[in-house]
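# Residue-level structural notes
Here is what each chain is made of, one letter per residue.
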Amino acid sequence: MEKSKIKAVVFDLDGVVTDTAEFHYIAWKNLANRIGIDFDRTFNENLKGISRMESLELILEQGDMAERFSPAEKVALATEKNDEYVALINDITPADILPGILDFLQELKDHGIKTAIASASKNAPAIVEKLEIRHFFDYIADVGAIPNPKPAPDIFLVSAAHLGAHPSECVGIEDAAAGVEAIKAAHMMAVGIGEVEQLGGADLILDGTAELSLNEISNAFLEFKNGESA
Ligand code: B16
Ligand code: MG
């Protein structure tokens with residue numbers, strides 16, 4: 001049997017390739033606490049896959065401070081958070097790549113399957129360099145040039161186009177609900193890494209990245225295709 005008809009795999013970064021969520025959490029918590037807003041891990045879950053400015057708006061809203069700051073002050077707050085985040089990720093090394101990802105990337109390369117990163121993070125290119133995995137990817141989306149953020153499909157559609165693949169030939173991998181929604185809106189097969197409660201919309205849900213393999217996603221892809229044509 002042909003191993004796969006998948007032409008391209010589009011990866012989210014944070015939570016799929018590496019786990020920078022803890023650093024986002026620390027930097028947002030410090031900023032929120034400084035301006036008098038409580039911030040805990042449960043609330044932090046809402047920020048996964050969400051852009052920097054949208055994250056700030058959600059934090060201000062939950063602290064009843066949505067109207068307190070001017071647009072310029074909000075940019076300054078977001079910059080302050082990002083400065084701390086950038087300092088925290090400075091020490092990232094290849095040891096921070098999530099389990100199974102390197103083998104999976106090598107497997108995709110060996111089978112000539114194209115790959116891209118579709119991250120909401122403006123720091124994605126720097127993180128990929130620090131992880132020393134740039135050579136595994138054919139394209140890294142520039143989130144600053146993407147019209148609408150996740151859960152809109154834009155970043156996945158732009159990635160597929162750059163890889164020369166039709167969305168129906170692509171698999172997207174995400175750890176956040178907004179990301180799975182974006183993949184589905186792009187009409188790609190969605191692999192969710194995490195809990196079914198959050199990622200119920202995905203076509204395949206895996207507990208962790210160690211479970212990723214070409215065989216696993218190819219089988220799910222065949223089922224996905226059969227389901228579509230049924
Ligand atoms: P930055 P992903 C997302 O990365 C994070 O999950 C999210 O928490 C963060 O706010 C967003 O990137 C923007 O990051 O402030 O570095 O531009 O999961 O889409 O790879
Ligand atoms: Mg993510």
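Here goes a summary of the coordinates provided. The model shown is predicted, which means the values in this text are computed figures rather than measured ones.

## Brief notes about the overall build of the protein chain
Per the secondary structure count, the protein chain includes 10 helices and 6 strands. Its C-alpha atoms give the protein chain a radius of gyration of 18 Å, within 12% of the compact-globule value 17 Å for 230 residues. If you line up the protein chain on its principal axes, its C-alpha atoms span 60 × 40 × 30 Å. Going through the 230 residues of the protein chain one by one, you find that 47% of them count as buried. Once local pairs closer than 6 in sequence are excluded, the contacts in the protein chain between residues at least 24 apart make up 63%.

## Examining the site of ligand 1
Lining the immediate surroundings of ligand 1 are 18 residues, of which Ile50, Ser119, Ser121, Lys122 and Asn123 lie closest. In this structure, Leu13 approaches ligand 1 through a main-chain N or O atom, which is 3.3 Å from an oxygen atom. Of all the secondary-structure elements, those providing two or more residues to the shell around ligand 1 are helix 3 (52–62) and helix 4 (71–89). Of the residues contributing to the shell around ligand 1, the split by class is 5 nonpolar, 6 polar and 7 charged.

## Looking at the packing of helix 1 (residues 21–34) against helix 4
In contact at an axis separation of 9 Å, helix 1 and helix 4 are set at 140° when each is read in the N-to-C sense. Judged by the twist between their axes, the crossing of helix 1 over helix 4 is right-handed. Between helix 1, through Phe23, His24, Ile26, Ala27, Trp28, Asn30, Leu31 and Arg34, and helix 4, the contact on the second element is made entirely by Leu77, Glu80, Lys81, Glu84, Tyr85, Leu88 and Ile89.

## Quick notes on the coordination of the magnesium ion (ligand 2)
Only Asp12 (OD), Asp14 (O) and Asp175 (OD) from the protein reach the magnesium ion (ligand 2) as donors, at distances of 2.0 to 2.2 Å. Mapped onto the polypeptide sequence, the residues donating to the magnesium ion (ligand 2) form the spacing pattern D-x1-D-x160-D. Across the pair, Asp14 and Asp12 agree in class, each one buried.

## Side note on the nonpolar core
By size, the foremost hydrophobic cluster in this structure holds 38 residues, and its most contacted members are Val9, Phe11, Val17, Ile173, Val191, Leu212 and Ile217. The dominant element in this core, judged by the number of residues it contributes, is helix 10 (residues 214–229), at 5 residues. If near-sequence neighbours (up to four positions away) are discounted, Val9 is found in contact with Leu108, Ile113, Lys114, Thr115, Ala116, Val171, Ile173 and Ile217.

## So, the side chain of Thr115
As for its position among the elements, Thr115 is in strand 2 (residues 114–117). You can call Thr115 buried: its relative accessible area is 2%. Of note is the side chain of Thr115, whose polar atom sits 2.6 Å from the backbone oxygen of Phe136.

## Quick look at unusual backbone geometry
That bond from Lys150 to Pro151 is cis: its omega, 15°, falls within 30 degrees of zero. Relative to the helices and strands, Pro151 is located in the loop between strand 3 (139–140) and helix 7 (154–163). Of note, the phi angle at Asp64 is positive, near 55°, even though the residue is not glycine. If you trace the backbone, Asp64 turns up in the loop between helix 3 and helix 4. Accessibility expressed as a relative area gives 73% for Asp64, which makes it exposed. A positive phi angle, near 60°, is found at His187, a position not held by glycine.

## Comments concerning the pairing of strand 1 (residues 8–11)
Alternating residues of strand 1 divide into Ala8 and Val10 and Val9 and Phe11, and every residue in both groups is buried. Direction of pairing for strand 1 relative to strand 4 (residues 170–174): parallel, over a ladder of 4 bridges. Each bridged residue has a counterpart across the sheet, and for Phe11 the counterpart in strand 4 is Ile173.

The rules we used
Residues numbered from 1 in each chain as written. Chains lettered and ligands numbered in written order. Predicted model: local features only at pLDDT ≥ 70, side-chain atom pairs only at ≥ 80, totals over all residues. Heavy atoms only, no water. Helix = DSSP H or I, 4+ residues; strand = E, 2+ residues; numbered from the N terminus. Rg over C-alpha atoms; globule rule 2.2 N^0.38 Å. Buried < 20%, exposed > 50% of the residue type's maximum accessible area, 1.4 Å probe, protein only. Contact = heavy atoms within 4.5 Å. Near = heavy atom within 4 Å. Polar contact = N/O pair within 3.5 Å; in protein donor to acceptor, adjacent residues only side chain to side chain. Nonpolar A, V, L, I, M, F, W, Y, C, P; charged D, E, K, R; others polar. Axes fitted to C-alpha atoms, helices over the stretch in contact; angles between N-to-C directions. Left-handed = near helix turned anticlockwise from the far one by under 90°. Donors = N, O, S within 2.8 Å, 3.2 Å for Na, K, Ca; no water. Core = buried A, V, L, I, M, F, W, Y, C linked by side-chain atoms within 4.5 Å. Pairing = 2+ DSSP bridges.

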